[in-house]
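In case you want the letters, here they are:
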Amino acid sequence: MGNNRKLRLLGLGVFAVCMLWSCTKRQAAMTTEIVSDELWKDVDGQLINAHGGGILHYKGRYYWYGECKGDSTYRLERVKSWECWRADAKGVSCYSSADLVHWKFEGIVLPSVPQDSLPDLHPSQIMERPKVLYNEKTGKFVLWLHIDSPDYEKGMAGVAVADKPTGPFVYRGSFKPNGFDCRDQTLFKDTDGRAYHICATDWNETLLVSLLTDDYTGTTGVYKRILVHEKREAPAVFKRKGKYYLLSSGCTGWDPNEASYAVADSLLGTWVAQGNPCSGPNAKKTFYAQSTFVLQLEGEDRYIALFDRWNKKNLIHSTYIWLPVSFEKEKLVITWKKRMML
Ligand code: GAL
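Residues numbered from 1 in each chain as written. Predicted model: local features only at pLDDT ≥ 70, side-chain atom pairs only at ≥ 80, totals over all residues. Heavy atoms only, no water.

Asks: Which parts of the structure should I look at to understand the site of the ligand?
Replies: As a matter of local geometry, the ligand sits amid Trp82, Glu128, Arg129, Tyr152, Asp184, Glu233, Gly253, Trp254 and Gln290. Between the ligand and Asp184, the relevant distance is 2.5 Å, taken from an oxygen atom to a side-chain nitrogen or oxygen of the residue. Measuring from an oxygen atom of the ligand, one finds a side-chain N or O atom of Gln290 at 2.9 Å. In the complex, the protein chains occlude 95% of the 310 Å² of accessible area that the ligand would expose alone. When grouped by side-chain class, the residues that make up the shell around the ligand number 3 nonpolar, 2 polar and 4 charged. (Near = heavy atom within 4 Å. Polar contact = N/O pair within 3.5 Å; in protein donor to acceptor, adjacent residues only side chain to side chain. Areas by Shrake-Rupley, 256 points an atom, 1.4 Å probe, with all protein chains shown as cover. Nonpolar A, V, L, I, M, F, W, Y, C, P; charged D, E, K, R; others polar.)

Take a look at the structure:
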């Protein structure tokens, strides 16, 4: 082989390797893969601290709101009947993303207030399971969360309002929805613009669905007690093909238990329990995790179920488990998958 030919071949080889390298690099940058049960970092390399959270889609971006846990976990010894592991509440954190994988920290949009005379937002109190809706009529973002005393005896819902998805949210105070105690909670906005608050009530015996006022900041007196005495919490609601689905956990504190879901034709209608949708290893323990939200991908018939795998003795290091939801006709199936491609 002449020297020129050899050189040409060598040049071609180098070109091919470069192309392959740049393609792999581009692919890596474009890969949107969710890897469950790892400590997730935001785009600045900081730990994502957004537990018991929910996601709002607004103008092409996803906003993830969650509990911002304090660094250290301690046990509240004065609570004797169950293991009350606590981390100080730092408030409600917000992260934003276009692809659900690369998250930018937008700040603590409803911070706890150490010197607050209002007890609700003191770091010693409970600020859990925040969820946010956008209200088209008022142009405001409305946040609801579970507000409680450190021993979880108070059982209230708190409301805060903002002009932007990234806050700041102005706290409006706490109350009992329709006069009932409230613990784990979520929000759901229906396709007709009406919004609902769903919470565990009667000391976690029953779930309560409350229709919200037009501005989403209060209840209307229209409500329904559902799955009465079923002892469900960690509710997550979504709608598909005209049917409403409610995913929930049992009530065992930070410890995992068996998930269940229910289906209804209307939010204030009759909810029928369907059993455990989880499949795969540890399905009976919800993959050692607890539901918090079900996200419908914008404009698609695709849903992702969000869970927290609580690390009760180190709450800030609890991990996130996000799994695809699939349907066999109307039957809901959530299968364990360490890695999920989007
Ligand atoms: C769970 C609840 C969590 C947290 C925990 C405290 O039942 O789902 O959000 O409140 O109890 O032990």
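This is not the end of the story, as more comes after the structure.
Asks: What am I meant to see in the pairing of strand β20 (residues 303–309) here?
Replies: Successive residues of a regular strand alternate their side chains across the two faces of the sheet. The buried fraction of β20 is high, at 7 of 7 residues. Here β20 shows two buried faces, one formed by Tyr303, Ala305, Phe307 and Arg309 and the other by Ile304, Leu306 and Asp308. Here strand β19 (residues 290–296) runs beside β20; their pairing, made up of 6 bridges, is antiparallel. Pairing of Gln296 across the sheet is with Tyr303, part of β20. The antiparallel pairing of β19 with β20 creates a hairpin that spans 6 residues between the two strands, and Gly299 there sits at a positive phi of about 75°. (Buried < 20%, exposed > 50% of the residue type's maximum accessible area, 1.4 Å probe, protein only. Helix = DSSP H or I, 4+ residues; strand = E, 2+ residues; numbered from the N terminus. Pairing = 2+ DSSP bridges.)

Asks: I keep staring at the sheet that holds strand β16 (residues 260–264) and nothing clicks. Help me out?
Replies: Adjacent strands of a sheet form backbone hydrogen bonds with each other and so pair up, either parallel or antiparallel. On the basis of which strands lie adjacent, the open sheet formed by 4 strands has the order β14-β15-β16-β17 and antiparallel pairing. Of all strands in the sheet, those bounded by a partner on one side alone are β14 (233–240) and β17 (272–275). In this sheet, neighbouring strand axes are inclined to one another by 25° on average, regardless of whether the strands run parallel or antiparallel. Sheet analysis places strand β15 (residues 243–249) next to β16, joined by 5 bridges and oriented antiparallel. Within β16, the residue paired with Tyr245 across the bridge is Val263. (Axes fitted to C-alpha atoms, helices over the stretch in contact; angles between N-to-C directions.)

Asks: Can you help me understand the sheet that holds strand β9 (residues 170–175) in this one?
Replies: Ordered in space as β6-β7-β8-β9, the 4 strands form an open sheet in which the pairing is antiparallel. The open sheet has two edge strands with one neighbour each: β6 (126–135) and β9. Each strand of the sheet is rotated relative to its neighbour by a mean of 20°, with strand direction disregarded. Pairing geometry for β6 and strand β7 (residues 140–148), over 8 bridges, is antiparallel. Bridged to Leu133 within β7 is Val142.

Asks: What is the right way to look at the side chain of Asn178 in this model?
Replies: Mapped onto the fold, Asn178 is located in the loop between β9 and β10 (185–189). Of the polar contacts made by the side chain of Asn178, one reaches the side chain of Ser210; its length is 2.9 Å. In this structure the side chain of Asn178 is engaged in a polar contact, spanning 3.1 Å, whose partner is the backbone nitrogen of Gly221. For Asn178, the residues in contact, after removing those within four places along its chain, are Ser210, Thr219, Thr220, Gly221, Val222 and Tyr223. (Contact = heavy atoms within 4.5 Å.)

Asks: Quick question: what am I supposed to make of unusual backbone geometry here?
Replies: Of note, the amide linkage connecting Gly167 to Pro168 takes the cis form, showing an omega dihedral of 0°. Topologically, Pro168 is positioned in the loop between β8 (156–162) and β9. Its identity as a non-glycine residue notwithstanding, Leu100 has a phi of 70°, on the positive side. Its location among the elements puts Leu100 in the loop between β4 (85–97) and β5 (104–111).

Asks: Teacher, can you tell me more about the nonpolar core here?
Replies: Soluble globular proteins tend to bury their nonpolar side chains together. Residues Leu56, Tyr65, Leu110, Phe141, Leu143, Leu145 and Phe169 are the most contacted members of the largest nonpolar core, which totals 22 residues. For this core, the element with the most residues is β7, which contributes 4 residues. With residues up to four places along the chain from it excluded, the contact list for Phe169 reads Tyr65, Val109, Leu110, Val132, Phe141, Val142, Leu143, Ala160, Val161, Ala162 and Lys164. With 21 residues, the next largest nonpolar core counts Leu247, Val294, Val325 and Leu332 among its residues. (Core = buried A, V, L, I, M, F, W, Y, C linked by side-chain atoms within 4.5 Å.)

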